Amino acid sequence: MRILLVASAFNSLTQRLHAELRERRHTVTVQLAGADEELRAAVRADAPDLVVAPMLRTALPADVWSALPCLIVHPGPPGDRGPSALDWAIHEGAADWGVTVLQADAELDAGPVWAEASCPLPPLAKSDLYRGEVSDAAVRAVLEAVARFASGTYEPQPQHGPGWRAPDHTRPYLRQETRRIDWEREGTEAVVRKLRAADSQPGVLDELLGAEWFLHGGHPERALRGRPGALLATRAGALCRATADGAVWLPELRRRRSPGGPATFKLPAVTALGSALPHLPEAPALHRDDWSDIRYAEDGPVGLLRFSFPGGAMSTDHCRRLLAAYREALERPTSVLVLGGGRDFFSNGIHLNVIEAAADPAAESWANINAIDDLVEAVLTTTDRLTVAALGGNAAAGGVMLALAADEVWCREGVVLNPHYRLMGLYGSEYWTYSLPRRVGGAEARRLTEQALPVGAGAGLRSGLVDRVLPCPPQEFGRQAARLARLSADSPTLLGRTAAKKAAREADERLRPLAEYRAEELAVMRRQFFDPAQPYHALRTAFVRKQPGPGV
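Residues numbered from 1 in each chain as written. Predicted model: local features only at pLDDT ≥ 70, side-chain atom pairs only at ≥ 80, totals over all residues. Heavy atoms only, no water.

Trainee: What am I meant to see in the side chain of threonine 334 here?
Mentor: Here threonine 334 shows up in the loop between α10 (316-330) and β19 (336-340). Aside from chain neighbours lying at most four places away, what touches threonine 334 is Tyr296, Glu298, Gly300, Pro301, Val302, Gly303, Ala329 and Arg385. (Helix = DSSP H or I, 4+ residues; strand = E, 2+ residues; numbered from the N terminus. Contact = heavy atoms within 4.5 Å.)

Trainee: What should I look at first to understand the pairing of strand β3 (residues 50-55) in this one?
Mentor: Of all six residues in β3, six are buried, a share of seventy percent or more. Direction of pairing for strand β1 (residues 2-7) relative to β3: parallel, over a ladder of four bridges. Across the sheet, residue leucine 5 finds its bridge partner in β3, namely valine 52. In terms of strand pairing, β3 meets strand β4 (residues 70-74) through three bridges, oriented parallel. Its bridge partner lying in β4, valine 51 is registered against cysteine 70. (Buried < 20%, exposed > 50% of the residue type's maximum accessible area, 1.4 Å probe, protein only. Pairing = 2+ DSSP bridges.)

Trainee: Looking at this model, I keep getting lost on the nonpolar core. Mind explaining?
Mentor: As a rule of thumb, nonpolar side chains are buried together in soluble globular proteins. Ranked by size, the top nonpolar core spans 86 residues in total, and within it Leu253, Leu391, Leu417, Leu436 and Leu465 carry the most contacts. In terms of residue count, the dominant contributor to this core is helix α12 (residues 361-380) (eight residues). Residues contacting leucine 417, with those up to four places away along its chain left out, are Leu391, Ala395, Val400, Leu453, Pro454, Val455, Leu465 and Val466. (Core = buried A, V, L, I, M, F, W, Y, C linked by side-chain atoms within 4.5 Å.)

Trainee: Whenever I open this one, empty space enclosed by the protein confuses me. Can you help?
Mentor: One pass over the full model with this rule turns up four cavities of 30 Å³ or more. Of the volumes computed, that of the largest cavity is approximately 90 Å³. Arg131, Arg343, Gly392, Gly393 and Arg412 are, among the 14 residues lining the largest cavity, the residues nearest its centre. (1 Å grid on protein atoms, 1.4 Å probe; cavity = no way out; pocket = protein on both sides within 12 Å on 5 of 7 lines; lining within 4 Å. Points joined across faces, edges and corners; volume = space filled by probe spheres on them.)

Trainee: When you look at the packing of aromatic side chains in this model, what are you seeing that I'm missing?
Mentor: Two descriptors summarise a pair of aromatic rings, namely the distance from one centre to the other and the angle between the planes of the rings. Tallied over the full model, the rule gives nine aromatic pairs. Seen from their ring centres, tryptophan 114 and phenylalanine 149 are 5.9 Å apart, and the 65° between their planes marks the pair as edge-to-face. You can see tryptophan 114 sitting in strand β7 (residues 113-120) and its partner phenylalanine 149 sitting in helix α6 (residues 133-151), a full 35 residues away along the chain. Phenylalanine 149 shares its class with tryptophan 114; the two are buried. Across from the ring centre of tyrosine 536, 5.1 Å away, lies the NZ or CZ of arginine 540, which sits over that ring. (Phe/Tyr/Trp six-rings, centres within 6.5 Å; stacked < 30°, edge-to-face > 60°. Lys NZ or Arg CZ within 6 Å of the ring centre and 35° of its normal.)

Trainee: Honestly, the sheet that holds strand β9 (residues 204-208) in this entry has me stumped. Any pointers?
Mentor: Strand pairing in a sheet relies on backbone hydrogen bonds, with the paired strands running either antiparallel or parallel. Spatial ordering of the open sheet is given by β9-β10-β15-β16, a layout of four strands whose pairing is antiparallel. Lying at the two open borders of the sheet, with one neighbouring strand each, are β9 and β16 (267-268). The sheet contact formed by β9 and strand β10 (residues 211-216) spans five bridges and is antiparallel. Residue pairing for β10: glutamate 207 is matched across the bridge by glutamate 212.

As structure tokens, this is what we get:
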């Protein structure tokens, strides 16, 4: 079929459905919602059999949904309506949830149901759940709805009446008055739940050091205590703030936008506060349950280096700290080293928000790309053990190239890869001109980087981007990856593989040193960073501040 995806943004779910529907040989195009006339023109030009809307902030025009079937993906079970469905579920501590695919009609979220799918809601942040359990349920429901539509025999069911087990109700937008934290009275569990329900948007509006900030993300602290509301410590760029019975870690802040002022954006908490932040002790993560964005553990001969940075963005500091942890891991007597293994983003490359906020964005861009290049080089030149990149979540740009530096790439089923830089006006580095063609061939490398389309895990497996796809829920991926790594470590062929890998790296180095790939890539990147005529800075600003940007 010809399917038109209509979305307010080409977000993670839209990208995943784009990949999943193409996998099933549908012809798929994408139209960003906004100007109704542009949407009408896209419908006329594409003549789709079906419109699917994975994520909408505005209603579809009546003349569109009345002329052809338009299926809306709603992140809530049948009968649940309103713009903050998932936020309310997390805010109220729901353990189970669902996704409904319904037909657009005159009343918002009230059309007949084409398919539904249930999912668990473990106690995690909204953005993580949205890309994990909710995304899995949405894909199941959309594929079922599309199959039912294609059959020509299915009649969608109304959301009300004796056949439905769920109540039919509409919940309002979850406002900041309800999200607001009472630091004097609320304990850590309640505070973390509110923070999770607002991650990554809209955040929780709060006051810090005499200014208004949106708090994004939150993790419980097990040991530190203080006067409720007080700032206690820092760790990895995050702030620890006392609650009524404990404390929480706040990884990111976003300043409240002033009337008529420019759009604001999220930054690591310590970076956001800058010189306004008083001196606080740096509290290292000492115990297994302590929150940290980088963590190392061992399972016999397997080293597990896990990292999780908000939004998958890796600043200069993130890259340098991860490189230090990687080098420490290489000192351990392991034969397999797993990078990643978390359930959300693996990496999306350099940190555009931190760069945007820098006094000299070009200089910070240069520092950031060199820091991530140093990390990738360390992985590429590790020849004394097997390295595995374990992607439980999506990866893009330099994050994909970081994964390709490992000997093997393992992905959870449903992961979306964007192995390109073009939409940000960049050539890219991270040794991609060495590692990408080596895996997929020159022609496929050009196609992937020039077409700039999302790649599903299945397509990645066929092309050589991915070596193994693990069909498991998000919560299971880390355990599954660790189990498979242990099997690899116990394999009698491991020693031979490691020796062959070392010989291949030495042969490649003689043919063309890695330093030449890096120098060639960075020569282009330097011009793109420091030449004001290049589109990168305007594209970055538009992306970070969510503004219309120039074309590439």
